[in-house]
Amino acid sequence: MDYCGDFIELLGPDISTKILMNLVSPSDLIRVSLVSSSWHQFVIENGLGKLLCLKLFPEISGIVHTIEMNNLIDTVGHKQDDCDELECLRKNHRIYTLLARAFNPFVRKDCISDAIIASSTDNYPEESINNTLEPFDRIDTRASYWSSEGQNNPAVSETLLYKLMTKMCIVTEIHVQPFQAYFQYGFPIYSSKAVRFRMGHKLQSEMTDSLTSSNKWADDEFIWTYTSPEFPMVQENCLQKFKLPEPVLCIGGYMQVELLGRVQRQEMDGLYYIWEVCFEVLARNREMYTFFTTTYTGKWCIFSFSYIHCKIITERHKRLGTNVIEYITSGKGRSC
């Protein structure tokens, strides 16, 4: 069979890039890079992994500059002293190819995995934060809602902590529904004045589940990488939708809801309360099993695996000199 030539060489980089950008899957781009060493080099040098990732998920374009300039995300096996241009291109190729493969193209509403803890609860467990995982204000004949403790000062805020379905997702919108006390005179609605959202990751290892076994608030155990603006709430018994100014890449899988201020006083004791029915998070979750964790340098490290075994010593443990080791999982794995 006669040699027909390499179309990338024949067409040139611009036209070849336009053709390859018609691929619909990052897996196709990986296959392209495996055709030959010259094609592999072309894919990396022209940043096709990044271009395809941003084409499929334009929501993350706002954080690209932060990732690259601050070197926030690293890949396993990448040497810190490899700072020449080609190594940086190879590193970015691994990162963006993995991100493109990880995200689910469909927006989901059921993105909250667990309700971790509330800053206060009036009657536990009847009015616990776990009730907010169900989108109903009553189950059978029982009212279903979370209630804060009563306060004389209406300016006192509350915080609720949730764990998301995955450690990496693109959050676009959050829904909150206040509770209307249909069993009280006048059917009062116990909403907050405003709401704010934070997203981030846990600072120390999850070797103990201290948050769920204790009512002590442990906000210092988290690093919040995103804080939304305040959204005003209306005193209505409906699902109120708050669209973030721009989609947020949440790495770490934790969300804190800040309920700011109180508007409704309970007639029987004269105290202000906040009662909520449910919360919903709209997001694009990662589809493949990708693991993100912080290293002792404070960067995010990416693993792609079926099973892996690794040890992470966090910066906090190092600072405290405790040498605490987090065992993530064990088995055979590979880095990207």
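Position labels on residues start from 1 in each chain and follow its written sequence. Only residues with pLDDT of 70 or above have their local features reported here, since the model is predicted, and side-chain atom pairs are shown and tallied only from 80 upward, although totals for entire chains, interfaces and linings are computed over all residues. Hydrogens are left out, water is left out, and the side-chain values use all remaining heavy atoms of the structure.

Identification of the chain as F-box domain-containing protein from Gossypium darwinii is taken from an unreviewed UniProt entry.

Bringing the overall build of the chain into the picture now. Within the chain, the secondary structure is distributed over 9 helices and 19 strands. Across the chain, every contact between residues at least 6 apart in sequence was considered, and the portion connecting residues at least 24 apart equals 73%. All accessible areas in this document rest on Shrake-Rupley with a 1.4 Å probe, and a residue is counted as covered only by the protein chains that are shown. Per element, the accessible surface of the chain, about 17,400 Å² overall, is 52% carbon and sulfur. Where helices and strands are cited, they refer to DSSP runs of H or I of at least four residues and of E of at least two residues respectively, numbered from the N terminus. Here, two residues are considered to be in contact whenever any of their heavy atoms come within 4.5 Å of each other.

Salt bridges are defined by distance alone: a side-chain nitrogen of Lys or Arg within 4 Å of a carboxyl oxygen of Asp or Glu. Counted under the stated rule, the structure contains 7 salt bridges. For arginine 196, the salt bridge is made with glutamate 258, and the minimal N-O distance between the two is 2.8 Å. In this pair, arginine 196 is assigned in strand 8 (residues 192-202) and glutamate 258 in strand 12 (residues 254-262), connecting sequence segments 62 residues apart. Per residue, the accessibility class of arginine 196 equals that of glutamate 258, and both read buried. Taken together, the shared-partner salt bridges connect Arg196, Arg198, Glu230 and Glu258 into one network. Relative accessibility under 20% of the residue-type maximum defines a buried residue, over 50% an exposed one, and the middle range a partly exposed one, all with a 1.4 Å probe and only protein chains included.

In this section: a nonpolar patch on the surface. For patch building, the residue pool is restricted to those with more than 30% relative accessible area and no salt bridge; the joining distance is 9 Å between like charges and 5 Å between nonpolar side chains (Val, Leu, Ile, Met, Phe, Trp, Tyr). Together, Leu10, Leu11, Ile15 and Ile19 make up an exposed nonpolar region whose accessible area comes to about 370 Å². At the level of secondary structure, the elements contributing two or more residues to the nonpolar patch comprise helix 1 (7-11) and helix 2 (13-20). Secondary-structure assignment places leucine 11 in helix 1. Of the residues examined, leucine 11 reaches a relative accessible area of 39% and is grouped as partly exposed.

Bringing the side chain of histidine 93 into the picture now. With respect to the helices and strands, histidine 93 occurs in helix 7 (residues 85-102). Not counting residues up to four positions away in its chain, the partners in contact with histidine 93 are Val43, Ile44 and Gly49.

A separate point is the packing of aromatic side chains. For Phe, Tyr and Trp, where Trp contributes only its six-membered ring, two rings pair if their centres lie within 6.5 Å, and the inter-plane angle classes them as stacked under 30 degrees, edge-to-face over 60, or tilted in between. Tallied over the full model, the rule gives 17 aromatic pairs. Ring centres of phenylalanine 222 and tyrosine 254 lie 5.0 Å apart, and the angle between their planes is 65°; on these two criteria the pair is classed as edge-to-face. Separated by 32 residues along the polypeptide, phenylalanine 222 in strand 9 (residues 222-227) and tyrosine 254 in strand 12 bring together distant segments of the chain. According to the relative accessible area criterion, phenylalanine 222 is buried, its value standing at 8%. Taken together through their ring pairs, the aromatic side chains of Tyr145, Phe179, Tyr182, Phe183, Tyr190, Tyr273 and Trp275 make up a single cluster. The ring of tyrosine 182 carries the charged tip of arginine 138 above its face, separated from the ring centre by 3.8 Å. Cation placement over rings: the criterion is NZ of Lys or CZ of Arg within 6 Å of the ring centroid and within 35° of the ring normal. Here the basic side chain of lysine 202 rests over the ring of phenylalanine 222, its NZ or CZ set 5.9 Å away from the ring centre.

Inspection of the secondary structure puts threonine 132 in the loop between strand 2 (112-118) and strand 3 (138-139). Residue class for threonine 132 comes out buried when judged on its relative accessible area of 0%. In this structure threonine 132 touches Trp146, Tyr162, Glu276, Val277, Cys278 and Phe279, once residues within four positions along its chain are discounted.

So, on to the pairing of strand 2. Judged by how many residues are buried, strand 2 sits mostly within the fold: 5 of 7 residues are covered. A pair of strands is labelled paired if DSSP reports no fewer than 2 bridges between them. As judged from the 5 bridges shared by strand 2 and strand 6 (residues 158-164), these two strands associate in the antiparallel manner. Paired with alanine 115 across the strands is tyrosine 162, a residue of strand 6.

Next up on the list: the environment of serine 147. For serine 147, the location among the structural elements is in strand 5 (residues 146-147). Among residues more than four places away in sequence, those in contact with serine 147 are Ser120, Thr121, Asp122, Glu127, Tyr273, Ile274 and Trp275.

This part is about the environment of glutamate 258. A relative accessible area of 8% places glutamate 258 in the buried class. For glutamate 258 and glutamate 230, which are 28 residues apart along the polypeptide, the C-alpha to C-alpha distance reads 9.1 Å. Excluding its chain neighbours within four sequence positions, the residues that come into contact with glutamate 258 are Glu158, Thr159, Ala194, Val195, Arg196 and Arg198. Polar side-chain contacts of glutamate 258 include one of 3.2 Å to the side chain of arginine 198. A 3.5 Å cut-off defines polar contacts: any pair of N or O atoms within that distance qualifies, except that in protein one atom must be a possible hydrogen donor and the other a possible acceptor, and neighbouring residues in sequence count only when both atoms are side-chain atoms.

The next subject is unusual backbone geometry. A negative phi angle is the norm for most residues apart from glycine, just as the trans form is the norm for most peptide bonds. Omega for the peptide link from tyrosine 124 to proline 125 comes to 5°, which places this bond in the cis form. Structurally, proline 125 can be placed in the loop between strand 2 and strand 3. In this structure, aspartate 140 is a non-glycine residue whose phi angle is positive, near 60°.

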